[in-house]
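Chain and residue survey
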Amino acid sequence: MSTDTGAKMSTSKKVQWIISIVVPVILWVIPTNDVYTRELRWFCVWTCWMLLVVAFDLMTSFIPAFLMPVMYYITGVAPAAVCFSGWTSTIVFVIVGAFVLAEALTDCGLLKRIATWVIIRTGGTINGSIWGCFVVGIIISLITFSNGYVVMAAFTYGVIRSLDVELRSKESAVLIMASAAGVLSSRFFVYAPSVILMLQGGAGAVVPGYEIVWYRFLLHNLPTALYLIIFVFLLTKIYKTNKNDAVNCKEHFIKQYEDMGPVSTAEKKAAFLLLMLLALLVSAPFTGLGTDIGFLIIPMLMFFPGLKVADESCIKRVDMGMIFFIVACVGIGSVGGTLGVGEIISNLISPMLEGKSPTVALLSLLIFGTIANFALTPTAMLTALSGPIAAIAKNIGLNIDAAMYALAHSTDLIFLPYEFIPYLIFFSFGAISMGDFIKISSLRVGLFFVFYVVVLIPFWYLVGVL
């Protein structure tokens with residue numbers, strides 16, 4: 001059996017490698033013209049190759065992400081300063097800081113303490129734990145600024161084992177997907193630098209001075225919290241998880257919490273630094289300091305004498321492959337902007353949306369983003385498509401904020417784990433089958449489209465976005 005599985009995996013990888021080579025070759029053999037220039041052709045070839053290799057997980061993301069800007073430079077796509085411009089972007093340092101912050105909070109035990117406390121308060125039953133994992137996910141998303149998904153995936157797996165739930169059962173599937181919804185989908189109403197700064201950077205190239213203010217982002221997208229609550233409620237009803245409420249592991253979690261002992265000095269320091277970070281974020285509109293300042297300073301303070309929360313092993317655990325991938329994706333936007341990719345896409349799509357109502361235009365952009373998910377990672381979409389979509393919105397008279405929100409929301413509308421690495425991490429714990437993942441994801445996507453038209457767009461009219 002294992003030999004057959006290995007052979008199938010090997011064949012699958014071969015097919016994926018062939019696709020990753022053939023598609024870029026097809027792009028290369030297309031004749032150039034005034035629009036599809038030599039530089040644009042090479043840009044499409046190397047960008048497509050990198051994204052396919054990462055999407056299929058054919059090798060560590062570090063290698064294609066490292067090579068893509070190098071190949072841009074070698075094949076003359078753009079000057080070196082543009083090809084490697086991802087490293088000059090503030091967002092890279094902000095995201096590194098956020099990653100370090102999440103690792104330090106994990107090491108000092110603060111995240112685990114909060115998560116266990118919430119599970120105890122939700123009863124310790126399967127249904128209670130589903131809601132508990134969902135709430136814990138949102139809390140961890142809030143205090144790590146949407147970078148705590150690895151911690152949450154591991155914690156949820158521990159909850160599943162503690163409840164003695166069979167892996168890949170309906171209860172296990174609902175637990176893992178409710179948890180993922182809490183920690184991942186909440187990034188569309190909590191402050192997530194990886195979302196807001198990328199949108200702001202891409203759109204700012206088209207609309208100089210464009211800025212997404214964190215509290216407006218929260219206000220405009222807060223109704224998505226209701227959508228997530230409805231989604232989790234439907235999961236518990238469709239999969240009838242409440243029938244297992246006789247299973248109660250509350251005592252297990254109480255003992256786990258007691259074993260942690262009193263709140264440690266490191267946890268208190270971490271909580272204090274988190275409050276400082278939140279204070280910097282909240283006061284930014286009044287002080288004039290950028291919202292990124294806290295992420296550039298506070299995580300590093302966690303290693304200073306007197307404030308030491310964790311040791312330097314946290315820094316070593318930061319995924320450099322992911323950092324290089326983010327840098328490469330930021331570079332896609334910069335190089336694409338130099339080549340006029342945004343203008344080309346805008347010229348193609350704008351006429352189709354000209355004269356359409358904001359609802360039709362936004363729904364079209366949401367569908368466009370959902371389809372793009374199959375070929376692009378969310379990071380690549382936010383950096384490479386934010387400029388073109390901002391240009392489209394500008395051309396057809398659509399509010400830029402609404403267009404950016406549509407793009408952001410579309411990155412969460414996935415059907416398969418490979419489309420977004422954090423979901424792949426949740427899936428890799430083996431708690432859910434591929435069939436259940438697709439079914440639950442399809443339910444989530446369908447529900448969001450209905451919610452988007454019935455609730456979110458009318459709400460945007462109400463608060464003046466549209």
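Residues numbered from 1 in each chain as written. Predicted model: local features only at pLDDT ≥ 70, side-chain atom pairs only at ≥ 80, totals over all residues. Heavy atoms only, no water.

**Quick notes on the overall build of the protein chain**
The cut-off we apply is this: A helix here means a DSSP run of H or I that spans at least four residues, while a strand means a run of E at least two residues long, and both kinds are numbered starting from the N terminus. The atom set for the radius of gyration is the C-alpha atoms, and the globule formula is 2.2 Å times the number of residues raised to the power 0.38. Residues are treated as being in contact if the distance between any of their heavy atoms lies within 4.5 Å. Note that accessible areas follow from Shrake-Rupley with a 1.4 Å probe, and for residues the cover is restricted to the protein chains shown. In this charge count, Lys and Arg are treated as positive and Asp and Glu as negative; neither His nor the chain ends contribute. For this purpose, a charge sits on NZ of Lys, CZ of Arg, CG of Asp or CD of Glu.
Within the protein chain one finds 24 helices and zero strands. Taking 2.2 N^0.38 as the reference for a compact globule, 466 residues should give roughly 23 Å; the C-alpha atoms of the protein chain span a radius of gyration of 23 Å, in line with that estimate. When its C-alpha atoms are laid out on the principal axes, the protein chain stretches across 70 × 60 × 45 Å. Sequence-distant contacts in the protein chain: of pairs separated by 6 or more residues, those separated by 24 or more amount to 78%. Carbon and sulfur atoms make up 69% of the accessible area of the protein chain, which amounts to about 19,600 Å² in all. Charged side chains of the protein chain number 27 positive and 25 negative; the gap between the two group centres comes to 4 Å.

**Concerning helix α22 (residues 400–410)**
As a reminder, the rule being used: For the exposure calls, accessible area comes from a 1.4 Å probe over protein chains only, and a residue counts as buried if that area is under 20% of its type's maximum, exposed if over 50%, partly exposed in between. Whenever a nitrogen or oxygen atom comes within 3.5 Å of another N or O atom, the pair is scored as a polar contact, on the condition that within protein one atom can donate a hydrogen and the other can accept it, and that pairs from neighbouring residues in sequence are kept only if both atoms are in side chains.
Along α22, 11 of the 11 residues are buried, which leaves the element largely enclosed by surrounding structure. Those residues of α22 not exposed but buried are Ile 400, Asp 401, Ala 402, Ala 403, Met 404, Tyr 405, Ala 406, Leu 407, Ala 408, His 409 and Ser 410. Its side-chain oxygen placed 2.8 Å from the backbone nitrogen of Asp 401, Asn 399 serves as the N-cap of α22.

**Things to note about the nonpolar core**
Generally speaking, soluble globular proteins have nonpolar side chains that are buried together. For clarity, the threshold we go by: What we call a nonpolar core is a set of buried Ala, Val, Leu, Ile, Met, Phe, Trp, Tyr and Cys residues that are connected through their side-chain atoms within 4.5 Å.
Residues Met 50, Tyr 72, Met 404, Phe 426, Tyr 452 and Trp 460 are the most contacted members of the largest nonpolar core, which totals 157 residues. Sequence-distant contacts of Phe 426, that is, excluding residues within four places in its chain, are made with Tyr 149, Met 152, Ala 153, Thr 156, Ile 176, Ser 179, Ala 180, Val 183 and Leu 184.

**Considerations on the confidence of the model for the protein chain**
For the record, the criterion: Every residue carries a pLDDT, the predictor's confidence in it, which falls somewhere between 0 and 100.
With 94% of its residues at a pLDDT of 70 or more, the protein chain has an overall mean of 84. Within the model, pLDDT remains below 50 along residues 1–7, and this stretch shows zero contacts once partners closer than five positions in the same chain are excluded.

**Structural notes on the side chain of Glu 267**
With respect to the element layout, Glu 267 can be found in helix α14 (residues 265–287). Look at Glu 267 and you get buried, because its relative accessible area is 4%. Setting aside anything within four residues of it in sequence, one finds Glu 267 in contact with Cys 108, Gly 109, Leu 110, Arg 113 and Pro 262.

**Topic: the environment of Pro 388**
In this structure, Pro 388 sits in helix α21 (residues 386–396). Looking at Pro 388, the relative accessible area reads 5%, which means it is buried. The spatial distance from the C-alpha of Pro 388 to the C-alpha of Ile 26 is 24 Å, given a sequence separation of 362 residues.

**What to know about the packing of aromatic side chains**
The condition that has to hold: The criterion for an aromatic pair is that two Phe, Tyr or Trp rings (for Trp, the six-membered ring) have centres within 6.5 Å, with stacked assigned to planes under 30 degrees apart, edge-to-face to planes over 60 apart and tilted to the rest.
One pass over the structure, following the stated rule, counts 19 aromatic pairs. On the basis of an interplanar angle of 75° and a centroid distance of 5.8 Å, the ring pair of Phe 217 and Tyr 405 is categorised as edge-to-face. Taken together, the residues span a long stretch of sequence, with Phe 217 in helix α11 (residues 214–221) and Tyr 405 in helix α22 at a distance of 188 residues. The same class applies to Phe 217 as to Tyr 405, namely buried. Measuring from ring centre to ring centre gives 5.0 Å for Tyr 227 and Phe 448, while their planes differ by 70°; the resulting arrangement is edge-to-face. Note that Tyr 227 is positioned in helix α12 (residues 223–238) and Phe 448 in helix α24 (residues 434–463), a separation of 221 residues in sequence. Note on accessibility: Tyr 227 and Phe 448 belong to one class, buried.

**Structural notes on the environment of Phe 233**
Position of Phe 233 among the secondary structure elements: in helix α12. Phe 233 sits in the partly exposed class, given a relative accessible area of 43%. The sequence separation of Phe 233 and Ile 130 amounts to 103 residues, and the corresponding C-alpha distance is 9.7 Å.

**What to know about the pattern of salt bridges**
The condition that has to hold: The term salt bridge refers to a pairing of a side-chain nitrogen on Lys or Arg with a carboxyl oxygen on Asp or Glu at a separation within 4 Å.
If you walk through the whole model with that rule in mind, you get six salt bridges. The salt bridge involving Glu 312 is made with Lys 308; its shortest N-O contact spans 3.2 Å. Overall, the relative accessible area of 39% leaves Glu 312 in the partly exposed class. Put simply, Arg 444 and Asp 412 hold a salt bridge, and the shortest N to O gap is 3.0 Å. Of this pair, Arg 444 sits in helix α24 while Asp 412 is found in the loop between α22 and α23 (421–428), placing the two residues 32 residues apart along the sequence. For the pair Arg 444 and Asp 412, a shared accessibility class is recorded, and that class is buried. Taken together, the salt bridges that share partners define one network made up of Arg 187, Asp 412 and Arg 444.

**Regarding the packing of helix α7 (residues 126–144) against helix α9 (residues 170–184)**
Where we set the bar: All axes here are fitted lines through C-alpha atoms, helices being fitted over the stretch that makes contact, and every angle between N-to-C directions spans 0 to 180 degrees. The scheme is simple: roughly parallel for angles under 35 degrees, roughly antiparallel for over 145, roughly perpendicular for 65 to 115, oblique for anything else. Crossing handedness follows the turn of the near helix against the far one: under a right angle anticlockwise gives a left-handed crossing, and clockwise gives a right-handed one.
Running from N to C, α7 and α9 cross one another at 25°; their axes reach a closest spacing of 6 Å. Classed by the angle they form, the pair α7 and α9 counts as roughly parallel. Between α7 and α9 lies a crossing whose hand is right-handed. Every residue of α9 that contacts α7 at Ile 126, Ser 129, Ile 130, Cys 133, Phe 134, Gly 137, Ile 138, Ile 140 and Ser 141 is listed here: Glu 171, Val 174, Leu 175, Ala 178, Ser 179, Ala 181, Gly 182 and Val 183.

**Focus: a nonpolar patch on the surface**
Let me state the cut-off plainly: Nonpolar side chains (Val, Leu, Ile, Met, Phe, Trp, Tyr) within 5 Å and like charges within 9 Å form the patches, drawn only from residues with over 30% relative accessible area and no salt bridge.
Where nonpolar side chains cluster on the molecular surface, the patch consists of Ile 18, Ile 21, Val 22, Val 25, Ile 26, Trp 28, Val 29 and Ile 30 and spans about 700 Å² of accessible area. With respect to the secondary-structure elements, Val 29 resides in helix α1 (residues 2–29).

**What about α23?**
Put simply, the rule reads: This arc describes the spread of directions from the helix axis toward the C-beta atoms.
Those residues of α23 lying buried are Pro 422, Tyr 423, Phe 426 and Phe 427. Taken around the axis of α23, the buried residues stretch over an arc of 145°, which confines them to a single face. As for α23, its buried residues are in contact with α8 (149–162), α9 and α24. Downstream of α23 by one or two residues, Gly 430 has phi in the positive range, about 75°.

**Focus on the packing of α22 against α24**
Here is the rule we go by: Ten residues, namely Ala, Val, Leu, Ile, Met, Phe, Trp, Tyr, Cys and Pro, are considered nonpolar, four, namely Asp, Glu, Lys and Arg, are considered charged, and the remaining ones, Gly among them, are considered polar.
One way to put it is that α22 packs onto α24 with a least axis distance of 13 Å and a crossing angle of 155°. Overall, the two elements α22 and α24 adopt an arrangement that is roughly antiparallel. Both α22 and α24 take part in a crossing whose hand is right-handed. In this structure, α22 contributes Ala 402, Tyr 405, Ala 406 and His 409 to the contact, and α24 contributes Phe 448, Tyr 452, Leu 456 and Trp 460. For the contact of α22 with α24, a count of residues per class yields seven nonpolar, one polar and no charged.

**A look at unusual backbone geometry**
Positive phi values are uncommon outside glycine, yet Arg 168 reaches one of about 70°. Relative to the helices and strands, Arg 168 resides in the loop between α8 and α9. Classification of Arg 168 by relative accessible area gives partly exposed; the value is 49%.

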